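# Remarks on the overall topology
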Amino acid sequence: MPSKLKVFTELICAYPWLDDYIIDSSQCSNLLRVGKIQQNMKYTCQTILKVIGKLISNQYVSYCKLCDKKTFNSVEHVICFCTNNDAHRNRVLDAVYDVKGHDGFMSMMSLNSVQQCELLLQFVSESEGDELRYPCIAHTVATLCSSMWD
Ligand SMILES: [Zn+2]
């Protein structure tokens, strides 16, 4: 059994964007803390944590619950490609555009699809004190991704 610290170190090496925002070797995750303190954010925070877990865990082939397509990365598929959740995706994109502005939005869109997912999950996990910095985007992302389980 690898130690927690070893697992943590390996995750940070593979996914440097997780550092500070989502997992921390000494503290509780931002998302867990905010979800515990703010009841109205509980579902959103838990969903985002599950999405991050799914993205960084070993990938395996699965079938999308919305469109039945075979996917090798269900998070990437649901956030970037599924054709049966365009309305939810548009809400996420509108929210990102509102917060990040034209240039921020365009620089995110210039990334590849996995990097877009990572960046999106990174900034919906950012917090200030006991609140998420972008709760509106976090809600839209949780709604978009909830089809993976509901
Ligand atoms: Zn799909």
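Residues numbered from 1 in each chain as written. Predicted model: local features only at pLDDT ≥ 70, side-chain atom pairs only at ≥ 80, totals over all residues.

### Let's talk about the nonpolar core
- Of all hydrophobic cores here, the largest spans 27 residues; its most connected members are Ile 48, Leu 121, Val 124, Ala 138 and Val 141.
- Of all the elements in the fold, those that place two or more residues in this core are α2 (30–37), α3 (42–56), α4 (74–81), α5 (86–109), α6 (113–125) and α7 (135–145).
- Top contributing element to this core by residue count: α7, with six residues.
- When neighbours within four sequence positions are excluded, Val 124 is seen to be in contact with Ile 48, Leu 132, Tyr 134, Ile 137, Ala 138 and Val 141. (Core = buried A, V, L, I, M, F, W, Y, C linked by C-beta atoms within 7 Å. Buried ≥ 20, exposed ≤ 12 C-beta atoms within 10 Å, placed from the backbone. Helix = DSSP H or I, 4+ residues; strand = E, 2+ residues; numbered from the N terminus. Contact = placed C-beta atoms within 7 Å.)

### Concerning the packing of α5 against α7
- Between α5 and α7, the shortest axis-to-axis distance is 9 Å and the interhelical angle comes to 160°. When the axis of α5 is compared with that of α7, the two are roughly antiparallel. Note on packing geometry: the crossing formed by α5 with α7 is left-handed. Listed contacts from α7 to His 88, Arg 89, Arg 91, Val 92, Ala 95, Val 96 and Val 99 of α5 are Cys 136, Ile 137, Thr 140, Val 141, Thr 143 and Leu 144.
- Residues that form the contact of α5 with α7 fall into these classes: eight nonpolar, three polar and two charged. (Axes fitted to C-alpha atoms, helices over the stretch in contact; angles between N-to-C directions. Parallel < 35°, antiparallel > 145°, perpendicular 65-115°, else oblique. Left-handed = near helix turned anticlockwise from the far one by under 90°. Nonpolar A, V, L, I, M, F, W, Y, C, P; charged D, E, K, R; others polar.)

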